[in-house]
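An overview of the molecular structure
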Amino acid sequence: MASDPVTVTVARTVAPGFEAQYLQWTEEVVEVLRTVHGCLGAGVLHPGPDGGEHQIVFRFVNGLLLREWERSPQREELMTRARDFVLSQRVQRTVGVDDWFELSTRAEPKRSLWHRILTD
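In short, a report on the structure. (Residues numbered from 1 in each chain as written. Predicted model: local features only at pLDDT ≥ 70, side-chain atom pairs only at ≥ 80, totals over all residues. Heavy atoms only, no water.)

Turning our eyes to something else, we now look at the overall build of the chain. Helix and strand content of the chain: 5 helices and 4 strands. Helices and strands in the chain line up, N terminus first, as β-α-β-β-α-α-β-α-α. Put simply, the chain has 120 residues, and 31% of those count as buried. For the chain, the share of sequence-separated contacts (at least 6 apart) that also reach a separation of at least 24 residues comes to 71%. For the chain, the exposed surface amounts to about 8,100 Å²; the carbon and sulfur share of it is 54%. (Helix = DSSP H or I, 4+ residues; strand = E, 2+ residues; numbered from the N terminus. Buried < 20%, exposed > 50% of the residue type's maximum accessible area, 1.4 Å probe, protein only. Contact = heavy atoms within 4.5 Å. Areas by Shrake-Rupley, 256 points an atom, 1.4 Å probe, with all protein chains shown as cover.)

The following block contains the structure:
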């Protein structure tokens, strides 16, 4: 169990026509998260004008308190309500802050236009 802070990013695809309902739901999720013991903060990232996934990002003091949230009745009730309008979701957990600064070293190097044309 992580003793360092844990950042969780949940990316969701919302069913067409349910965006307003989803946005209202995310406001409630963030409001609840901000009251949960051990939560350091929460926020919502909206997709761009061309669409894409909606994201909720939140951070907990440690993995133990995150697990308590993940097993809580409050979270279960919120997730049950989301089943009506969420088509899919991806969850990413990052422990500590080191990974945030090392991600660029793990990214694929930028390829030249000429290389992309020949290999794609």
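Now that the structure has been shown, we can carry on.
This part is about the pairing of strand β1 (residues 6-14). Along β1, 8 of the 9 residues are buried, which leaves the element largely enclosed by surrounding structure. Here 7 bridges tie β1 to strand β3 (residues 54-60), and the two strands are oriented antiparallel to one another. What sits directly across from Arg 12, in β3, is His 54. Note that β1 and strand β4 (residues 86-95) share 9 bridges and pair antiparallel. Considered in β4, the bridge of Val 14 is made with Val 86. (Pairing = 2+ DSSP bridges.)

The next subject is the side chain of Thr 7. If you trace the backbone, Thr 7 turns up in strand β1. One polar contact links Thr 7 to Arg 59, side chain to side chain, over a distance of 2.4 Å. (Polar contact = N/O pair within 3.5 Å; in protein donor to acceptor, adjacent residues only side chain to side chain.)

In this section: the packing of aromatic side chains. Applying the stated criterion across every chain, the model contains 4 aromatic pairs. With a centroid separation of 5.6 Å and an interplanar angle of 40°, the aromatic rings of Tyr 22 and Trp 25 are classed as tilted. You can see Tyr 22 and its partner Trp 25 sitting in helix α1 (residues 19-33), 3 residues apart, about one turn around the helix. Each member of the pair Tyr 22 and Trp 25 is classed as buried. Ring geometry for Tyr 22 against Phe 85: centres 6.1 Å apart, planes inclined by 80°, an arrangement best described as edge-to-face. Placement of Tyr 22 in helix α1 and of Phe 85 in the loop between α3 (73-82) and β4 is noted, with a sequence separation of 63 residues between them. The exposure class assigned to Tyr 22 is buried, which follows from its relative accessible area of 0%. Overall, the relative accessible area of 3% leaves Phe 85 in the buried class. (Phe/Tyr/Trp six-rings, centres within 6.5 Å; stacked < 30°, edge-to-face > 60°.)

Here we take up the environment of Asp 4. Along the chain, Asp 4 falls in the segment before β1. Judged by its relative accessible area of 40%, Asp 4 is partly exposed. The sequence separation of Asp 4 and Gly 96 amounts to 92 residues, and the corresponding C-alpha distance is 5.2 Å.

Another point: the nonpolar core. Counting residues in hydrophobic clusters, the biggest one holds 24 residues, and the most contacted among them are Trp 25, Leu 33, Phe 58, Phe 60 and Trp 69. Counting only elements with at least two residues in this core, the list comes to β1, α1, β2 (39-45), β3, α2 (63-70) and α3. Here this core gets 6 residues from one element, more than from any other, and that element is α1. In this view, Phe 60 contacts Pro 5, Val 6, Leu 33, Val 36, His 37, Gly 38, Cys 39, Leu 40, Leu 65, Leu 66 and Trp 69; residues no more than four positions away in its chain are not counted. (Core = buried A, V, L, I, M, F, W, Y, C linked by side-chain atoms within 4.5 Å.)

No statement about biological role is implied by the geometric values presented.
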